[in-house]
Amino acid sequence: MTDALPATDAEAAVELERLALLIGEADRAYHERDAPELSDAEYDALRRRNDAIEMAFPHLVRPDSPSARVGAAASSGFGKLRHGVPMLSLDNAFGPEDFSEFAERARRFLGDVSLSFVGEPKIDGLSISLTYENGALRHAATRGDGSEGEDVTANIRTIAGIPHSLPTPCPARIEIRGEVFITKADFLALNAAQEAAGQKIFANPRNAAAGSLRQLDPAITAARPLRLFAYAMGEASEAVASTHWGYLERLRAWGFSVNDRSTQLADVAAALAFQDQMAADRAALAYDIDGVVYKIDDLDLQSRLGFVGRAPRWAIAWKFPAERATTTLQAILIQVGRTGALTPVAALAAVNVGGVLVTRATLHNEDEIARKDIRVGDTVVLQRAGDVIPQIVEVLAHQEGAAPFMPLTHCPVCGSAAVRPQGEVVRRCTGGLICAAQAEERLIHLASRGAFDIEGLGEKTVREFFTEDLLKTPADIFRLRDHEAAIAAREGWGALSARNLLQAIETRRAISLERFIFGLGIRRIGEANAKLLARHYTSFANWRTQMLDAVQIGSEARSDLGAILRIGPAIATELAEFFAEPRNVETMDALAAQLTIADAAAP
Ligand code: IVH
């Protein structure tokens, strides 16, 4: 690779494609396989080259550009930490016979003893080892290859429920292990926020937890709703209990959260009953579990049993079978998102999958539909395997005469052309603000928590007001006070609710620049980027002028914007496109005219 920039668009496009592939592959090797294939310096050089070409050829920035991955893998990785005692995995049982066999094997090994167990939910997250020295949290490491993990100490310190120090008396040195996870509700909210910010959507809570923990910037981890359940012991300088149950109690006393469904089980019969109970309760739990873990309670017996291969002889994981069901696909619905993304959703004949009644499934995008050849009327197999959103895993049969799915050429809501730019997987409505669906989604976003945070103006109310023409544009929110009587007269409202809502709106007339920018709902401008922009431009007037100048490719304002740390050319293009559309600027100005936008402090 030479230092000179490519001479033509064609050359630049080829090189950008190559760089996207190389950097993507390096990221996967590093983050997913824990097996870096490039040195930090080589990796940095690739990224710098990519940024330089994008700066010179902004119109060629790829949708999968590495520069658009805000806050993800950056230039250097985590350090490595060696575990005092290896972090092993567990053998699996898939039915009562497997469990009985496990208990029988242990009894044979130990001679004739009676065994009791502790049953725990098997949390679907990622395991972590925390080392405390003289009561202070010193290191935190991921499992890695079992002997050595990544040093995520700084990130772990940002998790609210993890004690930074242990009350005395405690061992001089102790490794405490547990599972970092995200609840189902937090996962949905996180994905909604990620989507609003045009950032990566996580496939399931486990991926979201792993992605959130393995951030090179601990500030990003701090903003994610991570939690920990502590459940195991690593190296310890002295014994802390004689039973696993006693150890869990000790952990609780030290301030760790220990799963409240963990139970002492007197014998094999009790253990089998625990499995049934957890399977029945699984859907109602706030977090994903993929089975239960049984541990022999007596720690002396545990150490006599020891390990075989990579798993202890004293514990076993009983995995739930993947939850599947067969049903009919009644229709393929197309949802229109805030930034015009058209998302296909499966409407299904209602079916019970593992205790949850399912009527909708994600279809991801049109490529997935084509790959699986999903057609309306199909008999399909649904799966909920840890994932909160059910998926269609297989088509069993097409209905006679069913035609393959054809992507829409026009937005189902506003009729504007629907286009899929080359290289993107998402088709978008080009209607912008004239599309009622986009306008409505933008209003919901504007009133939402991280943005204007207007109490009482949640999604349901915005949708109703939108349908009733009380709200059409952002500025209308601040004109609702002219409709107090109409709001009070609505069913279920009354004078008091109307007044409360209008008061909540009034308190938001004074707004910070970063909330204002985030509230506009521009693609890829999430809370973090809105904050960067606010700090960089400090006032609304300055930001507005600079953004209008940045519409011009090659302008000073455009390169200044692209040069803000972590904004980069791809996001700069997104902002420029927003400001290039006069209707967007008009709508923004009308909103700004209702507000007092506070200046931000420079960084
Ligand atoms: S005990 C030596 N307890 O499952 C055994 N693991 O399949 C140490 N897991 O790597 C693990 N919930 O990430 C244990 N209550 C629990 C668990 C649990 C989830 C995970 C853990 C482990 C994997 C093994």
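Everything discussed here concerns the structure shown above.
Residues numbered from 1 in each chain as written. Predicted model: local features only at pLDDT ≥ 70, side-chain atom pairs only at ≥ 80, totals over all residues. Heavy atoms only, no water.

### Describing the environment of Pro312
Tracing the chain through its elements places Pro312 in strand β12 (residues 311-312). The sequence separation of Pro312 and Asp91 amounts to 221 residues, and the corresponding C-alpha distance is 7.8 Å. Once residues within four sequence positions are removed from consideration, Pro312 is found in contact with Ser89, Leu90, Gly306 and Phe307. (Helix = DSSP H or I, 4+ residues; strand = E, 2+ residues; numbered from the N terminus. Contact = heavy atoms within 4.5 Å.)

### Topic: the pairing of strand β13 (residues 315-319)
Side chains on a regular strand alternate between the two faces of the sheet. Burial within β13 is extensive, with 4 of its 5 residues counted as buried. Relative to β13, strand β2 (residues 92-93) is paired through 2 bridges, and the arrangement is parallel. Directly across from Ala93, in β13, lies its bridge partner Trp318. Two elements, strand β10 (residues 289-296) and β13, share 5 bridges in a ladder whose sense is antiparallel. Bridge pairing in β13 links Val293 to Ala317. (Buried < 20%, exposed > 50% of the residue type's maximum accessible area, 1.4 Å probe, protein only. Pairing = 2+ DSSP bridges.)

### Describing the sheet that holds strand β3 (residues 117-123)
Taking strand neighbours across the sheet as the criterion, the 5 strands line up as β2-β13-β10-β3-β9 in an open arrangement whose pairing is mixed. Each of the sheet's edge strands pairs with one partner strand only, and the pair in question is β2 and β9 (263-265). For β3 and β10, the ladder comprises 7 bridges, and the chain directions are antiparallel. Bridging across to β10, Ile123 finds its partner in Ile289. Across the sheet, helix α8 (residues 244-253) touches β3, β9 and β10, and the angle it forms with β3 is around 55 degrees. Across the sheet, helix α9 (residues 268-281) touches β3, β9, β10 and β13, and the angle it forms with β10 is around 165 degrees. (Axes fitted to C-alpha atoms, helices over the stretch in contact; angles between N-to-C directions.)

### A short note on the nonpolar core
Counting 55 residues, the largest nonpolar core has Phe452, Ile477, Phe516, Ile517, Leu533, Trp543 and Leu561 as the members making the most contacts within it. The contacts of Ile477, once residues within four sequence positions are left out, are Leu443, Leu446, Ile454, Leu457, Leu471 and Ile505. In terms of nonpolar packing, the next biggest core, distinct from the first, is built from 35 residues, Tyr132, Trp245, Trp254 and Val258 among them. (Core = buried A, V, L, I, M, F, W, Y, C linked by side-chain atoms within 4.5 Å.)

### Describing the packing of aromatic side chains
With the rule as written, the count across this model stands at 16 aromatic pairs. Between the aromatic rings of Tyr132 and Phe256, the centroid separation amounts to 5.9 Å while the plane-to-plane angle is 90 degrees, which identifies the pairing as edge-to-face. Of the two residues, Tyr132 sits in strand β4 (residues 126-133) while Phe256 sits in the loop between α8 and β9, which places them 124 residues apart along the sequence. Neither residue differs from the other here; Tyr132 and Phe256 are each classed as buried. Taken together, Phe99, Phe102, Phe117, Phe274, Tyr294 and Trp318 form an aromatic cluster joined through their ring pairs. (Phe/Tyr/Trp six-rings, centres within 6.5 Å; stacked < 30°, edge-to-face > 60°.)

### So, the site of the ligand
Taken together, Leu90, Glu120, Pro121, Lys122, Ile123, Ser127, Arg143, Glu179, Tyr231, Val293, Lys295 and Pro312 make up the full set of residues adjacent to the ligand. One of the side-chain N or O atoms of Glu120 is found 2.7 Å from a nitrogen atom in the ligand. Between an oxygen atom of the ligand and a side-chain N or O atom of Ser127, the distance comes to 3.4 Å. Taking 540 Å² as the accessible area of the ligand by itself, protein coverage stands at 88%. Tallying contributions element by element places β3 first for the shell around the ligand, with 4 residues. Within the shell around the ligand, the residues separate by chemical class into 6 nonpolar, 1 polar and 5 charged. (Near = heavy atom within 4 Å. Polar contact = N/O pair within 3.5 Å; in protein donor to acceptor, adjacent residues only side chain to side chain. Areas by Shrake-Rupley, 256 points an atom, 1.4 Å probe, with all protein chains shown as cover. Nonpolar A, V, L, I, M, F, W, Y, C, P; charged D, E, K, R; others polar.)

### Concerning the environment of Leu348
Along the chain, Leu348 falls in strand β15 (residues 341-353). What makes Leu348 buried here is its relative accessible area of 4%. A sequence separation of 68 residues divides Leu348 from Ala280, and the C-alpha atoms of the two residues are 24 Å apart. Not counting residues up to four positions away in its chain, the partners in contact with Leu348 are Thr327, Thr328, Leu329, Gln330, Val358, Thr359, Arg360, Ala361, Val380, Leu382 and Ile392.

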